[in-house]
Amino acid sequence: MIRRILAAVIIVGVAAALLVIAWPGLFGVAEAPVIAQLVSVRALSSALAIGAAFTLALLAMLWAAARRFLAALALLAVLFAGINVAVLSTRGFGDESFPTRAPAELAVLSWNTLGDAPGAERIAELVIAEQADIVVLPETSQDTAVAVAELTRAQGRPMWVYSIAFDYVAKARSTSVLISVDLGEHVVDDSLGNTSVLPSIVLRPVDGTGPTIIGVHPVAPIPGELDNWRTDLRWVESVCRGEQVILAGDLNATADHFRVVDPEAGVAGLGFGDCRNAGLLTGNGAVGTWPTRLPPLLGAPIDHVFVTPDITVTGMRVITTEDGSGSDHRPVVARLILE
């Protein structure tokens, strides 16, 4: 009898834990320790759960005395994987189809370069290939950003360079943004504060015409930085407001951490503040951008482009051709039309 009670307690406990991990928004714990990290890799968790279910089922066949207990755990693992896959399917496993680029479209490229790892030439090649008008480069130094701009100018695509660094010891504490000269000159708005550990940058058009462009890099939710991470996400929420805002970068957050609730899809977040996520709007919200050593469908989708509702997203994709370039992040590119 005691053994049965103990088994029942374990099964209920495991079921409760898996439900919290699979559906943290229901309990308001998406930013809690451990949960914040696990929910970011739903696809990987699902794959591991399927592997665990197979192992438990095999053990159940071999160990008759514990067959029901092991079978119940295997069933829980399958249900956990099913919930995750269902959530990910609503976000989209990838749609890389771009329509023929319209003259009015803008291309926004974001790539965490892991401290200039790909090099200026590789970054510039991608900028030219995507015909990017706005390029957000977390963990990219000013020197490299200037070198990229010189290379794109030689290819007939001159760009303004804006860069901010919290220090010059670690390149990870720099964020650079390149903007096509066709969009006009911008000025750094430092009146709104900043993210806490890694720098972000707010750029407003000098003549008041055109979108505000924001490059962001909240710190990762690692032990010891969770409070800073939460503070950073609240800062992103506070600045992604108003009219014609384009925000991009490495947010170290997935849709489970977004605050804007989609009333049609339930608890899945659409974005921050007034902004909506281009990946979710185009069926690419479940494609992983980090780390590159994992297949895209198993990684964490933490690199994003956000826009206010007065900007139309016509396409978005996660770029997988740069996985061997040295960065542990995949670039993302979105096409937009300013209304």
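In the block above lies the structure referred to throughout.
Residues numbered from 1 in each chain as written. Predicted model: local features only at pLDDT ≥ 70, side-chain atom pairs only at ≥ 80, totals over all residues. Heavy atoms only, no water.

Secondary structure summary: the chain contains nine helices and 14 strands in total. Expected size for 339 residues packed as a compact globule is a radius of gyration near 20 Å; at 22 Å, the chain falls within 12% of this value. Taken along its principal axes, the extent of the C-alpha atoms in the chain is 75 × 40 × 35 Å. Looking at the chain residue by residue over its 339 residues, the buried ones come to 50%. Taking all contacts inside the chain whose residues are at least 6 apart in sequence as the whole, residues at least 24 apart take part in 68%. Roughly 15,100 Å² of accessible area belongs to the chain as shown, and the carbon and sulfur atoms make up 62% of that amount. Computed over 22 positive and 34 negative side-chain charges, the inter-centroid distance for the chain is 13 Å. (Helix = DSSP H or I, 4+ residues; strand = E, 2+ residues; numbered from the N terminus. Rg over C-alpha atoms; globule rule 2.2 N^0.38 Å. Buried < 20%, exposed > 50% of the residue type's maximum accessible area, 1.4 Å probe, protein only. Contact = heavy atoms within 4.5 Å. Areas by Shrake-Rupley, 256 points an atom, 1.4 Å probe, with all protein chains shown as cover. Lys, Arg positive; Asp, Glu negative; His and termini not counted. Charge placed at Lys NZ, Arg CZ, Asp CG, Glu CD.)

With 14 residues, helix H8 (residues 226–239) should reach 20 Å at 1.5 Å per residue; the first-to-last C-alpha distance of 20 Å fits that figure. All buried positions along H8 are accounted for by Leu 226, Trp 229, Asp 232, Leu 233, Trp 235, Val 236, Glu 237 and Val 239. Each element contacted by the buried residues of H8 is listed here: helix H3 (35–38), strand E6 (201–205), strand E7 (212–216) and strand E8 (245–250). (Expected span 1.5 Å × (residues − 1).)

On to the sheet that holds strand E12 (residues 303–307), then. The strand order across the open sheet built from six strands is E5-E6-E7-E8-E12-E11, with neighbouring strands paired in mixed fashion. Both edges of this open sheet fall to strand E5 (186–188) and strand E11 (276–277), since each of them pairs with a single strand only. Pairing of E11 with E12, which is carried by two bridges, proceeds in the antiparallel orientation. Along E12, the bridge assignment pairs Arg 276 with Val 307. (Pairing = 2+ DSSP bridges.)

On the secondary structure map, Ser 110 appears in strand E1 (residues 105–110). Leave out the neighbours within four places in its chain, and Ser 110 touches Val 136, Pro 138, Ala 248, Gly 249, His 304, Pro 331 and Val 332.

Inspection of the entire model under this criterion finds three aromatic pairs. Ring geometry for Phe 272 versus Phe 306: centroids 5.9 Å apart, planes at 50°, classification tilted. Of this pair, Phe 272 sits in the loop between strand E10 (269–271) and E11 while Phe 306 sits in strand E12, and the two are 34 residues apart along the sequence. Look at Phe 306 and you get buried, because its relative accessible area is 1%. The structure contains a cluster of three or more aromatic residues connected by ring pairs, namely Phe 258, Phe 272 and Phe 306. (Phe/Tyr/Trp six-rings, centres within 6.5 Å; stacked < 30°, edge-to-face > 60°.)

So, about the pattern of salt bridges. Taken as a whole and judged by the stated rule, the model has 16 salt bridges. Across the salt bridge formed by Asp 133 and Arg 101, the nearest N and O atoms sit 2.5 Å from each other. Taken together, the residues Asp 133 in the loop between helix H6 (120–130) and strand E2 (134–138) and Arg 101 in the loop between helix H5 (67–91) and E1 connect sequence positions 32 residues apart. Between Asp 189 and Arg 204 there is a salt bridge; the shortest N-O distance is 2.6 Å. Of the two residues, Asp 189 sits in the loop between E5 and E6 while Arg 204 sits in strand E6, which places them 15 residues apart along the sequence. On the accessibility criterion, Asp 189 (16% relative accessible area) is buried. Because the salt bridges share partners, they merge into one network encompassing Glu 31, Arg 234, Glu 237 and Arg 259. (Salt bridge = Lys/Arg side-chain N within 4 Å of Asp/Glu carboxyl O.)

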